Amino acid sequence: MEAKKYKNQMFLRGLKKGIPVLIGFIPISLAFSVIAVQTGLTKAECIIMSIMLLAGASQLTAVNMLAVGAGSVEIIIATLIINIRHLIMSTYVMNRLEKVPKWMKWILAFGVTDETFGIISMEEDEYCNQYFFGGLALITYGSWIGGTVLGTIIIDIIPTSICSSMSIALYAMFIGLLTPSIHKNHKVLKVVLVSMFINYILGMWIKSSWAIVAATLLGGIIGARILEEKEAQP
Amino acid sequence: MSVNENILLMILGMSVVTYIPRALPVAILNRLNLSKQVEGVLKAIPYAALGALIFPGILSVNSQKLIVGVVGGTVAVILAYLKLNITFVICGAVAAVIMLQVYIL
């Protein structure tokens with residue numbers, strides 16, 4: 001009985017800690033649906049994408065790339081490159097979930113996102129178990145799918161001008177994701193600016209979808225050096 | 001509710017390359033240590049990726065009027081810099097762009 005109570009408490013705490021993600025995910029997934037449908041995806045395709053991916057940046061990038069006429073191979077490569085960061089995050093998360101049975105880790109791994117990683121990394125060791133992370137991942141996944149479905153429903157109701165204005169949402173999300181890191185470490189801003197510059201220059205010569213892939217890789221390589229630099233002056 | 005076969009295949013491919021980085025540590029953890037250099041690059045990649053995703057794409061929010069993207073981006077930067085929750089950053093930028101497009105331009 002005690003064990004069951006413990007599991008429930010952990011699960012509920014995970015759900016509760018995920019509420020900010022829910023609040024953030026609803027408008028983003030909603031914007032995703034609206035933008036995706038405008039790009040030409042069917043509503044069913046949007047929902048399938050959210051169910052199978054649970055990856056905001058990749059899904060929005062895919063839609064953006066489809067809009068500029070990119071092919072499937074380019075989009076899959078861009079998706080891989082964008083998601084390579086999850087390798088590090090998942091390494092960290094799985095390390096902290098080391099006592100969790102392996103078969104369960106295969107399932108929980110699907111729930112590793114920037115947000116769930118960020119939240120569990122701030123938790124004490126006692127919360128690093130499958131119940132807490134399961135609750136956290138579940139509310140994240142639920143709100144992502146829920147927002148996507150909601151977006152496909154309300155797209156017929158909200159006016160087109162508002163729909164097109166919502167495409168700023170994804171850029172605002174990216175800015176909102178970056179800013180805390182820039183606050184913590186000003187060198188991050190340099191990395192961002194270098195990559196923006198590379199992307200802008202390359203974008204004049206090659207397709208913008210490939211420019212993003214190249215800028216991410218080159219920016220990552222140059223950025224690693226920037227982040228390792230010692231502060232010049234205090 | 002129709003689904004295009006090619007799009008479905010693309011989503012399948014995307015889901016595979018999305019799951020692999022998430023699941024790989026489960027398979028190989030404790031068996032392989034990444035070199036310091038690779039780790040450094042992976043650490044910088046999210047910043048580089050987000051930077052490349054923001055600019056110059058943000059200008060295409062309204063491809064006829066570049067100012068729309070600039071204003072939306074500036075509002076987002078200010079709100080994010082004030083350490084507001086990401087939801088308010090998004091809502092603020094969306095509201096600013098709606099007002100700009102509907103009432104001013």
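Residues numbered from 1 in each chain as written. Chains lettered and ligands numbered in written order. Predicted model: local features only at pLDDT ≥ 70, side-chain atom pairs only at ≥ 80, totals over all residues. Heavy atoms only, no water.

Engineer: Even after reading the chapter, I still don't get the overall build of chain B, so can you show me in this structure?
Structural biologist: If you tally the helices and strands in chain B, you get four helices and zero strands. Along chain B, helices (α) and strands (β) appear in the sequence α-α-α-α when read from the amino end. Each of the 105 residues in chain B was classed as buried or not, and the buried ones make up 45%. Working note: accessible area of chain B is about 5,800 Å², and carbon and sulfur atoms make up 66% of it. (Helix = DSSP H or I, 4+ residues; strand = E, 2+ residues; numbered from the N terminus. Buried < 20%, exposed > 50% of the residue type's maximum accessible area, 1.4 Å probe, protein only. Areas by Shrake-Rupley, 256 points an atom, 1.4 Å probe, with all protein chains shown as cover.)

Engineer: When you look at the nonpolar core in this model, what are you seeing that I'm missing?
Structural biologist: As a rule of thumb, nonpolar side chains are buried together in soluble globular proteins. Grouped together as the largest cluster of nonpolar side chains are 91 residues, with contacts concentrated most on Met49(A), Leu97(A), Phe133(A), Phe174(A) and Leu178(A). It is helix H11 (residues 168-184) of chain A that contributes the most residues to this core, ten residues altogether. Built from parts of two domains, this core gets at least three residues from each of domain 1 (2-166) and domain 2 (185-234) of chain A. Apart from residues no more than four positions distant in its own chain, Phe174(A) is found in contact with Ala57(A), Leu50(B), Leu53(B) and Ile54(B). (Core = buried A, V, L, I, M, F, W, Y, C linked by side-chain atoms within 4.5 Å. Domains from an automatic or database assignment. Contact = heavy atoms within 4.5 Å.)

Engineer: I would appreciate a short explanation of the layout of surface pockets in the present structure.
Structural biologist: One way to see where empty space is left: roll a probe the size of a water molecule over the atoms. Estimated volume of the second largest pocket: approximately 620 Å³. In this structure, the second largest pocket is lined by 27 residues; those nearest its centre are Asn64(A), Val68(A), Tyr171(A), Gly57(B) and Ser60(B). Those elements that provide at least two residues to the lining of the second largest pocket are helix H2 (19-39), helix H4 (56-67), H11, helix H12 (187-203) and helix H13 (208-228) of chain A together with helix H2 (36-54) of chain B. Of the residues that constitute the lining of the second largest pocket, the class distribution is 15 nonpolar, twelve polar and no charged. Inspection of the lining of the second largest pocket shows a minimum of three residues originating in each of domain 1 (2-166) and domain 2 (185-234) of chain A. (1 Å grid on protein atoms, 1.4 Å probe; cavity = no way out; pocket = protein on both sides within 12 Å on 5 of 7 lines; lining within 4 Å. Points joined across faces, edges and corners; volume = space filled by probe spheres on them. Nonpolar A, V, L, I, M, F, W, Y, C, P; charged D, E, K, R; others polar.)

Engineer: I keep staring at empty space enclosed by the protein and nothing clicks. Help me out?
Structural biologist: All names here are of chain A. Tallying each qualifying case throughout the model produces one cavity of 30 Å³ or more. Empty space within the largest cavity amounts to approximately 120 Å³. In terms of lining, the largest cavity is formed by 17 residues, of which the most central are Gly 56, Ala 57, Arg 85, Asp 114 and Glu 115. Looking at the lining of the largest cavity, the elements that each hand over two or more residues are H2, H4, helix H6 (85-96), helix H8 (114-121) and H11. Each residue belonging to the lining of the largest cavity can be placed in one class, and the counts come to nine nonpolar, five polar and three charged.

Engineer: It is not clear to me how a nonpolar patch on the surface should be interpreted in this structure. Could you clarify?
Structural biologist: Residue and element names in this part refer to chain A. Together, Val 73, Ile 77, Phe 197, Tyr 200, Ile 201, Met 204, Trp 205, Ile 206 and Trp 210 line one region of the surface with nonpolar side chains, adding up to about 960 Å² of accessible area. Those elements that provide at least two residues to the nonpolar patch are helix H5 (72-83) and H12. It is H12 that provides the largest number of residues to the nonpolar patch, a total of three residues. (Patch = residues over 30% accessible without salt bridge, like charges linked within 9 Å, V, L, I, M, F, W, Y side chains within 5 Å. Salt bridge = Lys/Arg side-chain N within 4 Å of Asp/Glu carboxyl O.)

Engineer: Can you walk me through the confidence of the model for chain B in this structure?
Structural biologist: The predicted structure's coordinates, where accompanied by low pLDDT, should not be read in detail. Looking at chain B, pLDDT values average 86 and 92% of them are 70 or higher. For this predicted complex, the interface score ipTM comes out at 0.79, alongside a pTM of 0.67. (pLDDT = per-residue confidence, 0-100.)

Engineer: Is there a simple way to think about the interface of chain B and chain A in this case?
Structural biologist: Accessible area lost upon the coming together of the parts is a frequently used measure of interface size. Every contact between the two is made by 65 residues of chain B and, on the other side, 80 residues of chain A. Where chain B abuts chain A, roughly 6,400 Å² becomes buried across the two surfaces, and 80% of that area is made up of carbon and sulfur atoms. At the junction of chain B and chain A, the tally comes to zero salt bridges. At the boundary of chain B and chain A, one finds 16 residue pairs in polar contact (both at pLDDT 80 or more). (Buried area = accessible area lost by both parts, 1.4 Å probe. Polar contact = N/O pair within 3.5 Å; in protein donor to acceptor, adjacent residues only side chain to side chain.)

Engineer: Help me understand helix H9 (residues 130-154) of chain A, please; the structure alone is not making it clear to me.
Structural biologist: The periodicity of an α-helix, 3.6 residues per turn, causes residues three or four positions apart to be oriented the same way. For H9(A), spanning 25 residues, the distance from its first C-alpha to its last is 35 Å, which sits close to the expected 36 Å at 1.5 Å a residue. Between the side-chain oxygen at the start of H9(A) and the backbone nitrogen of Tyr131(A) there is a gap of 3.1 Å, and the oxygen is on Asn129(A). (Expected span 1.5 Å × (residues − 1).)

Engineer: Just checking my understanding: could you explain unusual backbone geometry for this structure?
Structural biologist: Backbone phi values are negative for most residues with the exception of glycine, while trans is the configuration of most peptide bonds. The residue after Phe55(B), namely Pro56(B), is reached through a cis peptide bond having omega 5 degrees. Relative to the helices and strands, Pro56(B) resides in the loop between H2 and helix H3 (66-81). Although it is not a glycine, Leu54(A) sits at a positive phi angle of roughly 45 degrees. Secondary-structure assignment places Leu54(A) in the loop between helix H3 (43-53) and H4. Although it is not a glycine, Lys83(B) adopts a positive phi angle of roughly 60 degrees. Of the residues examined, Lys83(B) reaches a relative accessible area of 62% and is grouped as exposed.

Engineer: Could you clarify how one ought to interpret the pattern of salt bridges in this entry?
Structural biologist: Residues and elements named next belong to chain A. Here the structure, examined in full by the defined rule, presents two salt bridges over all chains. As a salt-bridge pair, Asp 125 and Arg 96 come within 2.8 Å of each other at their nearest N and O atoms. A residue pair is termed long-range when its members are at least 10 positions apart, and Asp 125 in the loop between H8 and H9 and Arg 96 in helix H6 qualify at 29 residues. Classification of Asp 125 by relative accessible area gives exposed; the value is 61%. One salt bridge connects Lys 190 with Glu 229, and the closest N-O pair in it is separated by 3.5 Å. You can see Lys 190 sitting in helix H12 and its partner Glu 229 sitting in the segment after H13, a full 39 residues away along the chain. Its relative accessible area of 44% is what places Lys 190 among the partly exposed residues. Classification of Glu 229 as partly exposed rests on a relative accessible area of 40%.

Engineer: In this structure, what is going on with H3(A)? I would like to understand it.
Structural biologist: When H3(A) is considered as a whole, its buried residues turn out to be Ala44(A), Glu45(A), Cys46(A), Ile47(A), Met49(A), Ser50(A) and Leu53(A). Phi turns positive one or two residues past the end of H3(A), at Leu54(A), with a value near 45 degrees.

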